[in-house]
Amino acid sequence: MTINEAYRSGIDMLKSNRLTDAEFDARCLLEFALDIDPTRFFISRSELIDVKKAEYYFTLINRRMNGEPLQYILGKWEFMSNEFCVGKGVLIPRPETEKLVELAKEYLTDIEKPVVVDLCSGSGCIAISIAKLIPDATVYAVEKYDDAFCYLTKNISLNEVNNVVAVQGDLFDKELLRDVSADLIVSNPPYIRKADIETLSDEVKCEPVTALDGGEDGYDFYRFLSSYWLNEFLDKNGAVMVECAEDQGDYISELFSEYSEKNEIIYDFNGLQRIVTAYK
Ligand code: GLN
């Protein structure tokens, strides 16, 4: 079997299961199984593949057909041009979240040796990307769950950053980071309404529910972010930047306005409400 034949039958198999990005997924899985880069894929399409590698490729195609996210199968995913290990137990970094990192970078460039806290850090994609962009910053990455915390520490090593401090703990714990004085708090907390969790796609349901479930109305984390982290924990002049769902910006902005001088709702590349900022 040639590379091209394997690619074509992979696409057919994925399409038969109504997977929409069949071409992209088949190519990623083939490159991964054969350990080749995209250039090699395009120039060597008529090359024969060894049987063992072909078998391995089709087991990956089968996993994808069974609804496992592509990112989990590959075990790595890119965010802000950096690589992050991902797998069961950790949320997959989304392109929409890059906007949060860009806003944080803009805000931090004028601050000398800024201190940043990333709550619900997960893979650490936000914390590590900020740390890479602002090398004189210290970024505290807080994650509660064991599986995700493992990915966080792995990704700190993988990205060779020495200015991220991984902290295992619960953001609802007021003792956490007691001696830290921060300039900026960032977070992409769980924000799906409990009742809506069931309606999510099977693929999203492979991701940890603890990273998705925002409580009865979806705002549990934002309420505490506002009343404690913005109001009590953050110094004067500090800022909070959080990601949210497209219909949550106005309410979160209202929550934050009680404890901030100024706040803004920022839209993503799809024109949807995505981030709320609060400046003290
Ligand atoms: N901060 C991580 C991300 O943005 C994880 C967020 C979460 O677990 N809710 O991908």
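Coordinates for the structure precede this section.
Residues numbered from 1 in each chain as written. Predicted model: local features only at pLDDT ≥ 70, side-chain atom pairs only at ≥ 80, totals over all residues. Heavy atoms only, no water.

**Describing the overall build of the chain**
Along its length, the chain carries 11 helices and nine strands. Taken over the C-alpha trace, the chain has a radius of gyration of 21 Å; the compact-globule value for 280 residues is 19 Å, and the two agree within 12%. Burial status across the chain gives 53% buried among its 280 residues. Accessible surface for the chain amounts to roughly 13600 Å². Of this, 48% is attributable to carbon and sulfur atoms. (Helix = DSSP H or I, 4+ residues; strand = E, 2+ residues; numbered from the N terminus. Rg over C-alpha atoms; globule rule 2.2 N^0.38 Å. Buried < 20%, exposed > 50% of the residue type's maximum accessible area, 1.4 Å probe, protein only. Areas by Shrake-Rupley, 256 points an atom, 1.4 Å probe, with all protein chains shown as cover.)

**Quick look at the site of the ligand**
Near the ligand, the surroundings consist of Leu91, Thr97, Cys120, Ser121, Gly122, Cys125, Ile126, Asn188, Pro189, Pro190 and Ala211. One nitrogen or oxygen atom from the main chain of Cys120 is found 3.0 Å from a nitrogen atom belonging to the ligand. In isolation the ligand has 300 Å² of accessible area, and contact with the protein removes 96% of it. For the ligand, the cavity whose grid points lie within 2 Å of the majority of its atoms is the largest pocket. Counted by class, the shell around the ligand contains seven nonpolar, four polar and no charged residues. (Near = heavy atom within 4 Å. Polar contact = N/O pair within 3.5 Å; in protein donor to acceptor, adjacent residues only side chain to side chain. 1 Å grid on protein atoms, 1.4 Å probe; cavity = no way out; pocket = protein on both sides within 12 Å on 5 of 7 lines; lining within 4 Å. Sits in = over half its atoms within 2 Å of the grid points. Nonpolar A, V, L, I, M, F, W, Y, C, P; charged D, E, K, R; others polar.)

**Some remarks on the pattern of salt bridges**
Under the criterion given, the structure shown has 18 salt bridges. Glu31 serves as the salt-bridge partner of Arg27, at 3.0 Å between the closest nitrogen and oxygen. In this pair, Arg27 and Glu31 are both assigned in helix 2 (residues 22–34), four residues apart and thus about one turn of the helix distant. With a shortest N-O distance of 2.8 Å, Arg94 and Glu207 are connected by a salt bridge. Of this pair, Arg94 sits in the loop between strand 2 (82–85) and helix 6 (98–108) while Glu207 sits in the loop between helix 9 (202–205) and helix 10 (220–233); the two residues are 113 residues apart in sequence, bridging distant segments of the chain. With relative accessibility at 5%, the residue Glu207 sits in the buried group. Through salt bridges with shared partners, one network takes in Asp25, Arg64 and Glu203. (Salt bridge = Lys/Arg side-chain N within 4 Å of Asp/Glu carboxyl O.)

**Quick look at unusual backbone geometry**
The phi torsion at Met80 lies on the positive side, around 50 degrees, for a residue other than glycine. With respect to the secondary-structure elements, Met80 resides in the loop between strand 1 (76–79) and strand 2. Of note, Glu160 is a non-glycine position whose phi angle comes to about 50 degrees, a positive value. Assignment of secondary structure puts Glu160 in the loop between helix 8 (146–158) and strand 5 (164–168).

**Some words on helix 4 (residues 51–65)**
Here helix 4 contains 15 residues, and its C-alpha end-to-end distance of 21 Å stays within 8% of the 21 Å for a straight helix at 1.5 Å per residue. For helix 4, the set of buried residues is Ala54, Tyr57, Phe58, Leu60, Ile61, Arg64 and Met65. Buried residues of helix 4, viewed axially, fall in a sector of 155 degrees; they line one side. The inward-facing, buried residues of helix 4 contact helix 1 (3–16), helix 2, helix 5 (70–74) and helix 9. Capping of helix 4 at its N-terminal end is provided by Asp50; its side-chain oxygen lies 3.0 Å from the backbone amide nitrogen of Lys52. Of the residues one or two after helix 4, Gly67 is the one with positive phi, at around 95 degrees. (Expected span 1.5 Å × (residues − 1). Arc of directions from axis to C-beta. Contact = heavy atoms within 4.5 Å.)

**Structural notes on the environment of Arg45**
One can find Arg45 in the loop between helix 3 (38–43) and helix 4. Separated by 116 residues in the primary sequence, Arg45 and Val161 have C-alpha atoms spaced 38 Å apart. Each residue touching Arg45, except ones within four places of it in the same chain, is listed here: Thr2, Ile3, Asn4, Tyr7 and Arg8. Within polar-contact distance, the side chain of Arg45 engages the side chain of Asn4 at 2.7 Å.

**Description of the side chain of Asp268**
Looking at the element boundaries, Asp268 is found in the loop between strand 8 (262–267) and strand 9 (273–279). Setting aside its immediate chain neighbours within four residues, Asp268 contacts Glu96 and Arg274.

**Remarks on the sheet that holds strand 4 (residues 138–143)**
One open sheet accounts for seven strands, arranged 5-4-3-6-7-9-8; its pairing is mixed. Since the sheet does not close on itself, it has two edges, and those belong to strand 5 and strand 8, each with one partner. Taken over all neighbouring pairs, the strand axes of this sheet differ in orientation by 15 degrees on average, direction set aside. The sheet contact formed by strand 8 and strand 9 spans six bridges and is antiparallel. (Pairing = 2+ DSSP bridges. Axes fitted to C-alpha atoms, helices over the stretch in contact; angles between N-to-C directions.)

All quantities given are derived from atomic positions and should not be read as evidence of function.
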